[in-house]
Protein chains: 4
Amino acid sequence: MKKTLLTLCISFSVIFLNAQKEGTIVMDDVVRQHYRQEILIPDIPGYVTLKCDFHLHTVFSDGAVWPPVRVSEAWEDGLDAIAITDHVEGHPKKMPGQKRMQYDVALPTAMALNIILVRAGEISRSMPPGHFNALFVKDVDALDLPDVMDALGEAVKQGGFIIWNHPGWRKQQPDTTKWMAEHETIYRKGWMHGIEVFNEKEWYPEAIQWAMEKNLAITGNSDVHDFYENYYNQDKYPIRPMTLVFAKERTEESLKEAMFAKRTATLFFNRLVGRKELIDPIIKQSIKVEPAFLYQDGYQYFTVKNLTDIGFTLVKKGSDKSELPSRIILPRRATIVLKAKQPKGEQFTYSYNLENVLTGVEQYYEYKITVR
Amino acid sequence: MKKTLLTLCISFSVIFLNAQKEGTIVMDDVVRQHYRQEILIPDIPGYVTLKCDFHLHTVFSDGAVWPPVRVSEAWEDGLDAIAITDHVEGHPKKMPGQKRMQYDVALPTAMALNIILVRAGEISRSMPPGHFNALFVKDVDALDLPDVMDALGEAVKQGGFIIWNHPGWRKQQPDTTKWMAEHETIYRKGWMHGIEVFNEKEWYPEAIQWAMEKNLAITGNSDVHDFYENYYNQDKYPIRPMTLVFAKERTEESLKEAMFAKRTATLFFNRLVGRKELIDPIIKQSIKVEPAFLYQDGYQYFTVKNLTDIGFTLVKKGSDKSELPSRIILPRRATIVLKAKQPKGEQFTYSYNLENVLTGVEQYYEYKITVR
Amino acid sequence: MKKTLLTLCISFSVIFLNAQKEGTIVMDDVVRQHYRQEILIPDIPGYVTLKCDFHLHTVFSDGAVWPPVRVSEAWEDGLDAIAITDHVEGHPKKMPGQKRMQYDVALPTAMALNIILVRAGEISRSMPPGHFNALFVKDVDALDLPDVMDALGEAVKQGGFIIWNHPGWRKQQPDTTKWMAEHETIYRKGWMHGIEVFNEKEWYPEAIQWAMEKNLAITGNSDVHDFYENYYNQDKYPIRPMTLVFAKERTEESLKEAMFAKRTATLFFNRLVGRKELIDPIIKQSIKVEPAFLYQDGYQYFTVKNLTDIGFTLVKKGSDKSELPSRIILPRRATIVLKAKQPKGEQFTYSYNLENVLTGVEQYYEYKITVR
Amino acid sequence: MKKTLLTLCISFSVIFLNAQKEGTIVMDDVVRQHYRQEILIPDIPGYVTLKCDFHLHTVFSDGAVWPPVRVSEAWEDGLDAIAITDHVEGHPKKMPGQKRMQYDVALPTAMALNIILVRAGEISRSMPPGHFNALFVKDVDALDLPDVMDALGEAVKQGGFIIWNHPGWRKQQPDTTKWMAEHETIYRKGWMHGIEVFNEKEWYPEAIQWAMEKNLAITGNSDVHDFYENYYNQDKYPIRPMTLVFAKERTEESLKEAMFAKRTATLFFNRLVGRKELIDPIIKQSIKVEPAFLYQDGYQYFTVKNLTDIGFTLVKKGSDKSELPSRIILPRRATIVLKAKQPKGEQFTYSYNLENVLTGVEQYYEYKITVR
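Parameters and conventions
Residues numbered from 1 in each chain as written. Chains lettered and ligands numbered in written order. Predicted model: local features only at pLDDT ≥ 70, side-chain atom pairs only at ≥ 80, totals over all residues. Heavy atoms only, no water. Helix = DSSP H or I, 4+ residues; strand = E, 2+ residues; numbered from the N terminus. Buried < 20%, exposed > 50% of the residue type's maximum accessible area, 1.4 Å probe, protein only. Contact = heavy atoms within 4.5 Å. Areas by Shrake-Rupley, 256 points an atom, 1.4 Å probe, with all protein chains shown as cover. Lys, Arg positive; Asp, Glu negative; His and termini not counted. Charge placed at Lys NZ, Arg CZ, Asp CG, Glu CD. Axes fitted to C-alpha atoms, helices over the stretch in contact; angles between N-to-C directions. Parallel < 35°, antiparallel > 145°, perpendicular 65-115°, else oblique. Left-handed = near helix turned anticlockwise from the far one by under 90°. Least-squares fit on C-alpha atoms with pLDDT ≥ 70 in both. Buried area = accessible area lost by both parts, 1.4 Å probe. Salt bridge = Lys/Arg side-chain N within 4 Å of Asp/Glu carboxyl O. Polar contact = N/O pair within 3.5 Å; in protein donor to acceptor, adjacent residues only side chain to side chain. Nonpolar A, V, L, I, M, F, W, Y, C, P; charged D, E, K, R; others polar. Pairing = 2+ DSSP bridges. Phe/Tyr/Trp six-rings, centres within 6.5 Å; stacked < 30°, edge-to-face > 60°. Lys NZ or Arg CZ within 6 Å of the ring centre and 35° of its normal.

### What about the overall build of chain A?
Scanning chain A from N- to C-terminus turns up 9 helices and 22 strands. Here chain A holds 372 residues, and the buried ones make up 66% of them. Excluding contacts between residues fewer than 6 apart, the proportion of contacts in chain A whose partners are at least 24 apart in sequence is 65%. Of the roughly 13000 Å² of accessible surface on chain A, 51% is carried by carbon and sulfur atoms. Positive and negative side-chain charges of chain A, numbering 46 and 48 respectively, have mean locations separated by a distance of 5 Å.

### Considering the packing of helix α2 (residues 67–76) of chain A against helix α3 (residues 102–113) of chain A
Residue and element names in this part refer to chain A. Two elements in contact, α2 and α3, have axes whose closest approach is 7 Å; the angle formed by their N-to-C orientations is 30 degrees. The angle between α2 and α3 places the two elements in the roughly parallel class. For the element pair α2 and α3, the recorded crossing hand is right-handed. Contacts from P67, P68, V71, S72 and W75 of α2 reach α3 at Q102, V105, A106, T109, A110 and L113.

### Digging into the relation of the copies chain C and chain A
Least-squares fitting of chain C to chain A yields an RMSD of 0.0 Å, with the transformation described by 0.0 Å of translation along the axis and a rotation of 180 degrees. On the angle and the small slide along the axis, the relation comes out as a two-fold axis. Both copies present the same face, since 100% of the interface residues in chain C are matched by interface residues at the equivalent positions in chain A.

### Comments concerning the interface of chain C and chain A
Interfaces are often sized by the accessible area lost when the parts come together. Listed per partner, the contact involves 29 residues of chain C and 29 residues of chain A. Carbon and sulfur atoms supply 57% of the area buried between chain C and chain A, which totals about 2600 Å² over both sides. Applying the counting criterion to the chain C and chain A interface returns 2 salt bridges. Here A:E38 and C:K305 are joined by a salt bridge, their closest N and O atoms 3.5 Å apart. Summed over the shared surface of chain C and chain A, the result is 8 residue pairs in polar contact (both at pLDDT 80 or more). The residue makeup of the side of chain C that touches chain A, split by class, is 15 nonpolar, 7 polar and 7 charged. Here strand β2 (residues 36–37) of chain A pairs with strand β20 (residues 334–341) of chain C via 2 bridges, running antiparallel. When the sheet's bridge partners are listed, A:R36 is paired in β20(C) with C:T335.

### A short note on the pattern of salt bridges
Evaluation of the coordinates by the stated rule reveals 104 salt bridges over all chains. The salt bridge involving A:E229 is made with A:R32; its shortest N-O contact spans 2.8 Å. Taken together, the residues A:E229 in helix α7 (residues 228–231) and A:R32 in the loop between β1 (25–26) and β2 connect sequence positions 197 residues apart. By relative accessible area, A:E229 is classed as buried at 16%. Using a relative accessible area of 9% as the deciding quantity, one classes A:R32 as buried. Three or more residues joined by partner-sharing salt bridges are found here, namely A:R36, A:E38, A:D80, A:R250 and C:K305.

### Side note on the side chain of D:K316
Residues and elements named next belong to chain D. Residue position: K316 is located in strand β18 (residues 312–316). On the basis of relative accessible area, K316 is assigned to the buried category, the value being 15%. Reaching out from K316, the side chain makes a polar contact with the backbone oxygen of L324 at a distance of 3.0 Å. Not counting residues up to four positions away in its chain, the partners in contact with K316 are S322, L324, P325, S326, S351 and Y352.

### Considerations on unusual backbone geometry
Backbone torsion omega between B:P128 and B:P129 reads 5 degrees, so that peptide bond is classified as cis. Relative to the elements of secondary structure, B:P129 occurs in the loop between β6 (120–124) and β7 (131–135). Its identity is not glycine, yet A:N114 carries a phi of approximately 60 degrees, on the positive side. The backbone of A:E200 shows a phi angle near 60 degrees, a positive value even though the residue is not glycine. Here A:E200 is to be found in the loop between β9 (194–199) and β10 (202–203).

### A closer look at the pairing of strand β14 (residues 271–274) of chain A
Residue and element names in this part refer to chain A. Side chains R271 and V273 of β14 all project onto a buried face; the interleaved residues L272 and G274 project onto the opposite face, where all are buried too. Inspection of the sheet shows strand β13 (residues 264–268) paired to β14 by 4 bridges, in the antiparallel sense. Across the sheet, the residue bridging to T266 is V273, located in β14. With antiparallel pairing between neighbouring strands as the criterion, β13 and β14 make up a hairpin whose turn holds 2 residues, including F269 at a positive phi of roughly 55 degrees.

### A look at helix α6 (residues 205–214) of chain A
Residue and element names in this part refer to chain A. Most of α6 is tucked away, with 7 of its 10 residues classed as buried. Taken together, the buried positions of α6 are P205, E206, A207, I208, W210, A211 and K214. Phi turns positive one or two residues past the end of α6, at N215, with a value near 55 degrees.

### Section: the packing of aromatic side chains
Per the counting criterion, the structure on display carries 66 aromatic pairs over all chains. The interplanar angle of 50 degrees and the centroid separation of 5.8 Å between the aromatic rings of D:W203 and D:F268 together place this pair among those described as tilted. Of this pair, D:W203 sits in strand β10 (residues 202–203) while D:F268 sits in strand β13 (residues 264–268), and the two are 65 residues apart along the sequence. A relative accessible area of 1% means that D:W203 is categorised as buried. One aromatic cluster is present, built from ring pairs that chain together A:F198, A:W203, A:Y228, A:Y231, A:Y232, A:Y237, A:F268 and A:F269. The aromatic ring of A:W179 is capped on one face by A:K214, whose charged end is 4.3 Å from the ring centroid.

### A word on the side chain of C:R333
Within the fold, C:R333 resides in the loop between β19 (327–330) and β20. One polar contact links C:R333 to C:D309, side chain to side chain, over a distance of 2.7 Å. Not counting chain neighbours up to four residues away, the residues in contact with C:R333 comprise A:R36, A:Q37, A:R333, C:E38, C:L40, C:N306, C:T308 and C:D309.

This is the structure:
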């Protein structure tokens, strides 16, 4: 990259050099272009796959950005839906008296960019029981109640979907990640609908376990306070962490229905976590093994394509005589060529684990490569 | 860059795979690292060269960021001093009643990062007379007066340094860039100390002319409302636009003294504009032509080094027999090798214009390459 | 990007620190990952769109790379077919006696990566008549004849497809690009089948004119001598220049049939040049205007998607009351949102020129945006 | 980066649109700019620090590049000296009869770019004794002898400097890295002057141990066969692996003198390995801790600068009350701010290990931060 710097400056010199006497010289190329790039993750039969981030902060609590920024970031990054979840308690050092304008301020941008903006707030208390996002609520002001159970109850009364946020955050659960009596109470009342398996830069195996056992919706969200690109290393990880929601349509109502039905998964930095029945159709449409194009010296040469923005890593189960690699890296949108030592005209199947796809704690998705 | 994505994900898989049963897994590599990189522009004899941006907005008027963001951006980008110049009139759609907290909110970060934070405000009116930044004022609230002349007078009374902002902004000066009666009045009262030659993404040859004729301080500022990196194309132009101030020391007092003494210049996207007596010592220490290291077949081979973060373009004046290129591109921090057709043991000098260095309208700095 | 450097080194420190006493420490992350990324350019009805570069050099004439490098570059860059066209005359300073091994040396890699490798050579003479690529020949050695007409005749006799290379190369045509008597002779003999409209970093309007008038196949090729990535600025222009061939199948025979049938076009740095009947179906499947998703305050908001790796620029023809931008930039794989001032429920069509798509000299493809 | 693609294409459209009828249109911005960037590693008292890569291949054995490519890569990458070390035995599949032209073919480029080109060859045998580079030899042809001891003896006779290459390469030393009887023989004859501690992408703790015990010159080299940038991930690791040689002058004679005197070290991907007496003066001039600029609430705020292109990681030894981080990352050319809990006016020193600087196996360089 270093090598290209000057070329450009030169270019604009060429254009504008003679213009100095004619007044204002505009250099459009110094400004960054903004547009949306769709994230390639397949829909599954019967549902569209909505890409969502349900945990975001703005200046209306302890975030550093004006609310519409969250919408335009989401639009550029290929998301379909977001929730701005400023702490319902506000933030003592910032703008007293105006703590809940975030939704209204962001809405016009969301409408203009066709992003589903979910009205929401974060009920933020010390552990137990910790922090909870209330999505799809109608009156965020009304959630600002002294007692956390009152606040959660009010959210549920408004039709809210409640997520236990960052359950293994070491600041609140310093040693081990525990399901405490308070969580059991909330859960038994039917007030806990989802859980964050991923938050910001960390993930919680216990949360995967609980989601599976207790039928909680699996979510993963950024919880970003800073400008997205200033916080994350987007050069290295171009795709944002997200909750995947398998909805009947791309509407807020369908989104809500799907979440209460627990049709969700999470993708964070190439790691995909979800229930097997939802992951299965995604993977089937994500990786494509093509018939061999060459047979030579005892090897079948064939192509494997990754049709998604998820990078996959395959690790061979057991051993065989194919001489296929024990570890295969399949980057996003990439095509690779492999060769298997295998007799001409025969068909063999080789079993791999997708090391970055989990359907439970340490349960890797098994992917079979059939070479023919 | 595309090719490296997966490698990393793999790496962290390797590290953390066996850790799932032990709880919270933190992925530090998904987060971007923050630090400061100094900008290489030489000091000049007797003065340090301070890099400054005197025109920045936050949520306290129509900007999109919380004020400390402006400080940490400046620190990372290698600046020494900034002014947050929210419109003293505030912004009707945003947070009524709290329009002037920007300085106080940003100050702790500025102190902790050793950035000079100048108390300031932008007096923003329709043309004439347009927008003016008042720097080094003591009470920004007091500048919010209905009459623009009262506002400017109050700023001057407080010891303020007044800059006419974006004088050729086409929204305010649609056809030509004019010095109107109102500007003459402000100038004659001694209330105009500086002018923006560059603003945001455009520059104004007329402003260079006026700065030279009327002894105004030359400035260039970003006027950024969005996150810096979200607005500008920093991949292409890694160095921010800035006002250069030649101060006795790196203190706010020295900065102020230097500005009232008009010891300033501006650098924007490799274009350097300033008075000849200030540009001269910069260039002398920026480009280094080394003695020839090889004589072969009639050519002297020699090295030219650019010791700065300013890219230079040299265009030959007239013609000669040296076969040196008519156009030389010298990127930032780069070394290039040239060859001149020139008898062994003799010394010749070749004249070039620095196409990106202006000491007046269409007055390019002349650079002499001496080959020996 | 600068900000991420250390994080990684740290990561591998963490991994390997305790391993020093156990011997050899392998750092896989320092090595770049290689894979193919498909170029998104749609097929057209009845044909697959093959991406080809028919002009490449290696160490077997004046290039800097070993032949298989050309194949692996092409594979990574998403091409389907290449021709290595070393000068049939060889290169006096390089490896005498071995000048025509390029095809045989590259073939095993081409087979293993499923790249169509066309046997070829460049007949390289001073102007007139200049340089000609002979593709699909059988014996490159036999083309090394003193008389250029003999060489071309031999190529044709072998079934070769002849392209006039870089017809406007200023080194050979210093002032204007002329069709000389020699070219007329070659053409009349039926020995000129195609012409380069683009070569390396330049293009030739005259060649477009001649291709249209004389029914020559339009081609565009890199003519690269250096390693591809070392010559071109791939950070700025990730998609290689190429000849597009609309073939019945992805085989060498189909490729050859399509070229003799003149079903070709060229894409170079977002500029697409071809006959209208071939460009038409490409554009129809490249840009997708979706129905409005919002009507508000008199504006219809709608989405435009670019489904390809070709960036498009649209320039409005004439004027209207829609307030749609006069210039629309539609980057590769991007989605943008536009708003048209237009009554609710009505349908209007707006005419734009695709400024980067030519169906003749200064004949821009007309694109109609229908908003409903 | 993705967001900037189209802007540029647009720019050149603007420039050239009207030029089509005037003939050949040259697009200079599609081509990458080439220049040298110096690597910031300080000289040490009495010596200049030469950056060298003594292990490189070309098409004259099993490499993929023409020899001058190695010189221009080295020049761009900031190196001072290289050796092209094609296997003296050649490579059976490539260009028989011309195996040792590499030096002569590369020399003119080396002279024109002022790169020290060391005449060399790699004596490449199965283990024991493995591969050895012979530098500063006079006649590479004469090294092609059937018996490896004869070959090494001939190299020494010619004044050669012998390096044992990749002693822990798992292909040759599958389980552990052993010093075999044959190595002892070569060493006792005085025929082993240096050893590779780093090669390609791996390093060998045993080699560090042997270098220290047996007074061998420490070297680290790329052994690259492909184009440098195609093999390594230069986006992530912009600085090449290298042998550092502390020479009296930047000449081949001084280089040779320094190597026989064992004044060398190696830097590979931020890891610096060398004898303490040589590393010491480097580090002293690399990291600069400045006096505190702010005292507030019990903390001293101070700045740490990294003046080099080596990224450092500091890990605290023991514990203290300063609240300084236990792990400090100091990227290349970066400035960071730290705060230490420490009484005003007092001076304290804190001990860290430089985790990436080794003066022996698991012997980290101790760095003291003094805060005042």
